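Commentary on secondary and tertiary structure
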Amino acid sequence: YQRRVHGKKGSCRRQAMTGLHLNRLHRIPPLIYGTAWKKERTTELVVKAVQLGFRGIDTACQPKHYREDLVGQALRTLFDTGVVTRDDLFIQTKYTPVDGHARDSIPYDPRVSLSEQVAQSFARTQQNLGLASIDSLVLHSPLGTDRDTLEVWRAFERLHDAGSVRLLGISNCYDLARLQSLFSSARVKPSVVQNRFYPQSGWDNDLRAFCRQNNIVYQSFWTLTANPELLNSREMLGISRANNLTPEQVLFRFCGALGIVPLTGTCSEQHMRDDLSVFPTCPGANEPALQPEEVRALKRLIGDDTRYE
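In this report, the structure presented in the accompanying data block is examined. (Residues numbered from 1 in each chain as written. Predicted model: local features only at pLDDT ≥ 70, side-chain atom pairs only at ≥ 80, totals over all residues. Heavy atoms only, no water.)

Topic: the packing of aromatic side chains
By the definition in use, this model includes eight aromatic pairs. Here the aromatic rings of Tyr33 and Phe54 are separated by 5.5 Å at their centres, their planes lie at 65°, and the arrangement is edge-to-face. Of this pair, Tyr33 sits in strand E1 (residues 32-34) while Phe54 sits in the loop between helix H2 (42-52) and strand E2 (56-58); the two residues are 21 residues apart in sequence, bridging distant segments of the chain. Here a set of aromatic residues connected by ring pairs shows up, and it is made of Tyr95, Tyr108, Trp153 and Phe156. Over the ring of Phe183 we find Lys189, and its NZ or CZ is 5.0 Å from the ring centre. One Lys or Arg, Arg196, reaches over the ring of Trp222 and ends 4.1 Å from the middle of that ring. (Phe/Tyr/Trp six-rings, centres within 6.5 Å; stacked < 30°, edge-to-face > 60°. Helix = DSSP H or I, 4+ residues; strand = E, 2+ residues; numbered from the N terminus. Lys NZ or Arg CZ within 6 Å of the ring centre and 35° of its normal.)

Shown next as structure tokens:
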């Protein structure tokens, strides 16, 4: 099928305004290209994504699932050929705790303190990406205890203080109490939460509300893959037909209306173009097409009863 957009001007821009303003405050693009599982194709796909208009790249210093070094190779190609400059891009990476690594590819000494693990991991990130500083450093998942999580966060804060990192964040954090504890204890507050947006977590409705209240940008991954029932729902298909959009485009536009920044890891050039066309600040985009009543209908599907108007 074709994922083409023939958007019509609607009033949902006002509903999304809070999220859009927050994203602009943190200088985060509305859509981020995710590089997990790309393996040896990482360089090729990152170059293509940026050429087509992506300005946010997500990676991790986790060789098990990411080739951060090949992201760096893509950046060098893009900079050397004048496609973009460093200032044009939002670069986000992650520190992954020991349990998230394959035993034979941990990019730091697992025997040292957590603080030193973070320092070693970030030094490898700088080497891999060829960058002295990055825009966002994300803790790939909370550690076993709040105490250990906070020790890692203190190391993150030192990187922030040194000017090596602009924003700090946490991923795979589905326990609101843990996020609240980190937020309360942190000197440099989290600016990013990156989670799966899916039914098993109730689409993080309460956690996303906390993010909105505290100027935290909620990023979603597996947004399409983890929501087959939502994509095939009667409401989604009806909105798709009414707006001449694919269900995937409707879901991404719905995310935008909620102030969510989705990650997409598509390997298809056509789908890259189609995904970019959903967001008003991206190349080739149309105005947001979802009407307020359409947004409300989709919000009912995910149990989100908050108001965005």
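Here's the deal with the sheet that holds strand E4 (residues 134-139)
Read once around its circumference, the closed barrel built from eight strands follows the order E1-E2-E3-E4-E5-E6-E7-E8, with strand pairing classed as parallel. Adjacent strand axes in the sheet meet at a mean angle of 25° when their direction is disregarded. Here two bridges tie strand E7 (residues 217-221) to strand E8 (residues 261-264), and the two strands are oriented parallel to one another. Counted as the bridge partner of Gln219 is Val261 from E8. (Pairing = 2+ DSSP bridges. Axes fitted to C-alpha atoms, helices over the stretch in contact; angles between N-to-C directions.)

Observations regarding helix H9 (residues 234-243)
Where H9 is concerned, the buried positions are Met236, Ile239, Ser240 and Asn243. Projection of H9 onto a plane perpendicular to its axis shows the buried side chains occupying an angular sector of 105°, all on one side. In H9, the exposed residues that point more than 90 degrees away from the buried face are Arg234, Arg241 and Ala242. On the buried face of H9, the contacting elements are helix H8 (228-231), helix H10 (247-257) and helix H12 (292-301). Positive phi shows up at Asn244, right after H9, with a value of about 55°. (Buried < 20%, exposed > 50% of the residue type's maximum accessible area, 1.4 Å probe, protein only. Arc of directions from axis to C-beta. Contact = heavy atoms within 4.5 Å.)

Description of the pattern of salt bridges
With the rule as written, the count across this model stands at 13 salt bridges. A salt bridge links Asp161 to Arg187; its shortest N-O distance comes to 2.7 Å. With a gap of 26 residues between them, Asp161 in helix H5 (residues 146-161) and Arg187 in the loop between helix H6 (176-185) and strand E6 (192-196) connect regions that are remote in the sequence. In this structure Asp161 comes out as partly exposed when scored by relative accessible area, which is 48%. Taking relative accessible area as the criterion, Arg187 reaches 51% and is therefore assigned exposed. One network of salt bridges, with partners in common, ties together Lys48, Glu269 and Arg273. (Salt bridge = Lys/Arg side-chain N within 4 Å of Asp/Glu carboxyl O.)

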